[in-house]
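# Chains, contacts and geometry: an overview
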Amino acid sequence: VSDGQTATLDLNVGPAGPVQCEVYSASLASMVLRRTFDAVSSARSMTLSVADLASGVYVVRMQRNDCVVTSPLVISR
């Protein structure tokens, strides 16, 4: 879910620990954003600032420990 300035990402990735979040262009040609979050096991979502990204479709890759999840992200302003 994106409001154009932030994206709220579902965080159902493995046990408690740091979450590595990477955002790629839709073609997967380049990484456009990387953030690491310290998330406790009860965290079910996180907010990511996307204000610096252009409107468009991206791929989000989240990894916590050995668990990896990818999902689309659409930014529309």
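Here goes a summary of the coordinates provided.

## Here we look at the sheet that holds strand β5 (residues 56–64)
Pairing between the strands of a sheet is mediated by backbone hydrogen bonds and can be parallel or antiparallel. With antiparallel pairing, the four strands of this open sheet are ordered in space as β3-β2-β5-β6. Edge strands, defined here as strands with exactly one partner in the open sheet, are β3 (31–39) and β6 (67–75). Each adjacent strand pair in this sheet contributes to an overall mean axis angle of 20°, direction not counted. Inspection of the sheet shows β5 paired to β6 by nine bridges, in the antiparallel sense.

## Brief notes about the pattern of salt bridges
Scanning the model with the defined rule gives two salt bridges in all. The partner of Glu22 in a salt bridge is Arg34, with the nearest N and O atoms 2.9 Å apart. Taken as a pair, Glu22 in strand β2 (residues 17–25) and Arg34 in strand β3 lie far apart in primary sequence, 12 residues in all. Given a relative accessible area of 47%, Arg34 falls into the partly exposed group. For Arg61, the salt bridge goes to Glu22, with nearest N and O atoms at 3.8 Å. Placement of Arg61 in strand β5 and of Glu22 in strand β2 is noted, with a sequence separation of 39 residues between them. Taking the relative accessible area as the measure of exposure, Arg61 reaches 25% and is therefore partly exposed. The buried category is assigned to Glu22, whose relative accessible area is 7%.

## Here's the deal with the pairing of β2
By the criterion of burial, β2 is predominantly enclosed, with seven of the nine residues buried. Across eight bridges, β2 lies against β3 in antiparallel orientation. In the strand pairing of β3, Gln20 is matched with Thr36. Linking β2 back to β3 in an antiparallel pair, the connection comprises five residues, with Leu28 at a positive phi of about 60°. The pairing of β2 with β5 spans six bridges and is antiparallel. Note that in β5 the partner of Ser25 across the bridge is Tyr58.

Reading the values: the criteria
- Residues numbered from 1 in each chain as written.
- Predicted model: local features only at pLDDT ≥ 70, side-chain atom pairs only at ≥ 80, totals over all residues.
- Heavy atoms only, no water.
- Pairing = 2+ DSSP bridges.
- Helix = DSSP H or I, 4+ residues; strand = E, 2+ residues; numbered from the N terminus.
- Axes fitted to C-alpha atoms, helices over the stretch in contact; angles between N-to-C directions.
- Salt bridge = Lys/Arg side-chain N within 4 Å of Asp/Glu carboxyl O.
- Buried < 20%, exposed > 50% of the residue type's maximum accessible area, 1.4 Å probe, protein only.

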